[in-house]
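Residues per chain are reported as follows:
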Amino acid sequence: MGSILSKISSFWSSADNKQPSSKILTNEKCRNCCYPKSEMQRSDVPDKYLKWETDFPNYVPISYTSDSIKGQPWADPEKLPEGNVWNKVDSQSKIDRTSHEGEYKIDGGVPLNPIGRTGIKGRGCLGRWGPNHAADPIVTRWKVDDKGKKVIHPETGKPILQFISILRKDSKEWAIPGGMVDPGELVTATLRREFGEEALNSLEVSDDGNNSMEGKIEDFFRRGIEIYRGYVDDPRNTDNAWMESVAYNFHDEDGNAVARFKLHAGDDAVGVQWLDIGRDVKLYASHADMIQKVAVRHNANW
């Protein structure tokens, strides 16, 4: 398995074939609800008061930063960074504080969520003030029957795609197996690392099968297409900290690469499976929007 992972590491960095990405700009999952894994209730934010430009004199949200991130080496310290550190990459720490949505505003020394109000201030359980960057690898295959023929959805008349999905420990929702981008790390490296940690590292592959699969694995991970780059409507977002992601699609068209593996969850998930793609699929955060873009691109069922 180690040799296969090293091959993927070498070729994933070439996954730079991009296409224009539509934006997922909304705050539906991070408003008017209790903050995740806490008893902190967000202030109510009606749609008409979402944008900062709209005067909302009665808006007095509580400030919350989870104890779980305090003192963590991957998180900002409690004391706000000094100087003009926002909207740029820190030359020393390599922390990327730029946003895919463009320049964000600063108010009271802290960043403002570029989409608008969320009903709570602080960082919540996010490590960074401002944008928290993630990468999401969407690995897909066609669903086939016992004879190897594509399964057609009876209503749309289109073939059904499947993607490798993990069951998150925190929310118990199915999700794309992504993760946070480390300071100074290339997004392509994060895609490789997170997929390996959450899905690929625990694949059931016999030693005899390693050599025969390596060539197919190498070719498969050359063909990454950027699907999305931008803000993510994540339940952890606050007025001052939010998630952003870059998502790539890696598609196994003929089913001879990763489609043949049996999967088991890694340490960061409690389950992993090939999940059918369709409009009824319920996923974490904005992941369904990203998956829809993949389905449209392949002219698959949605």
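Quick look at the structure, then. (Residues numbered from 1 in each chain as written. Predicted model: local features only at pLDDT ≥ 70, side-chain atom pairs only at ≥ 80, totals over all residues. Heavy atoms only, no water.)

What follows covers the environment of Pro-131. With respect to the helices and strands, Pro-131 occurs in strand S6 (residues 130–142). Note on Pro-131: relative accessible area 3%, which makes it buried. For the pair Pro-131 and Gly-230, spaced 99 residues apart in sequence, the C-alpha to C-alpha distance is 10.0 Å. Discounting chain neighbours no more than four positions away, the residues touching Pro-131 are Asp-96, Arg-97, Thr-98, Ser-99, Tyr-104, Trp-242 and Glu-244. (Helix = DSSP H or I, 4+ residues; strand = E, 2+ residues; numbered from the N terminus. Buried < 20%, exposed > 50% of the residue type's maximum accessible area, 1.4 Å probe, protein only. Contact = heavy atoms within 4.5 Å.)

Put simply, the largest pocket is a space of about 1,300 Å³. Contributing to the lining of the largest pocket are 47 residues, with His-133, Gly-179, Met-180, Arg-236 and Met-243 lying nearest its centre. Secondary structure elements with two or more residues in the lining of the largest pocket: S6, strand S7 (161–168), strand S9 (179–180), helix H2 (187–198), strand S10 (224–232) and strand S11 (241–252). Here the residues of the lining of the largest pocket are counted per class, giving 18 nonpolar, 10 polar and 19 charged. Space inside the second largest pocket adds up to approximately 210 Å³. Around the second largest pocket sit 14 residues that line it, and Trp-142, Val-144, Gly-148, Asp-254 and Gly-255 are the ones nearest its centre. (1 Å grid on protein atoms, 1.4 Å probe; cavity = no way out; pocket = protein on both sides within 12 Å on 5 of 7 lines; lining within 4 Å. Points joined across faces, edges and corners; volume = space filled by probe spheres on them. Nonpolar A, V, L, I, M, F, W, Y, C, P; charged D, E, K, R; others polar.)

Inspection of helix H4 (residues 287–297) places His-287, Ala-288, Met-290, Ile-291, Lys-293, Val-294 and Ala-295 among the buried residues, and these make up the whole buried set. The elements touched by buried residues of H4 are S6, S7, strand S8 (174–175), S10 and S11. Trailing H4 by a residue or two, Asn-299 shows a phi angle of about 55°, which is positive.

The next point concerns the packing of aromatic side chains. Throughout the structure, instances matching the rule amount to 6 aromatic pairs. Look at Tyr-49 and Phe-56: their rings are 4.2 Å apart centre to centre, the planes differ by 10°, and that puts the pair in the stacked class. Taking the relative accessible area as the measure of exposure, Tyr-49 reaches 22% and is therefore partly exposed. For the pair Tyr-104 and Trp-242, a centre-to-centre distance of 5.4 Å together with 85° between the ring planes defines the contact as edge-to-face. (Phe/Tyr/Trp six-rings, centres within 6.5 Å; stacked < 30°, edge-to-face > 60°.)

Further remarks concern the pattern of salt bridges. The tally for this structure, following the rule as stated, stands at 11 salt bridges. In this structure, the salt-bridge partner of Asp-76 is Arg-97, at a minimum N-O distance of 2.9 Å. Taken together, the positions of Asp-76 in the loop between strand S2 (62–65) and strand S3 (106–107) and Arg-97 in the loop between S2 and S3 put the pair 21 residues apart, joining distant regions of the chain. One salt bridge connects Lys-150 with Glu-253, and the closest N-O pair in it is separated by 3.8 Å. One end of the pair, Lys-150, is in the loop between S6 and S7; the other, Glu-253, is in the loop between S11 and strand S12 (269–276), with 103 residues separating them in the sequence. Glu-253 sits in the partly exposed class, given a relative accessible area of 44%. One salt-bridge network, held together by shared partners, links Asp-76, Arg-97 and Arg-128. (Salt bridge = Lys/Arg side-chain N within 4 Å of Asp/Glu carboxyl O.)

Here we come to the nonpolar core. In this structure, Ile-138, Phe-163, Ile-277, Leu-283, Met-290 and Ile-291 are the most contacted members of the largest nonpolar core, which totals 37 residues. Elements that contribute at least two residues to this core include exactly S6, S7, S10, S11 and H4. Those residues in contact with Phe-163 that sit more than four places away from it in its chain are Ile-138, Val-139, Thr-140, Ala-175, Ile-176, Gln-273, Trp-274, Leu-275, Ile-277, Leu-283 and Ile-291. Of all hydrophobic cores here, the second largest spans 12 residues; its members include Val-139, Leu-191, Tyr-248 and Phe-250. (Core = buried A, V, L, I, M, F, W, Y, C linked by side-chain atoms within 4.5 Å.)

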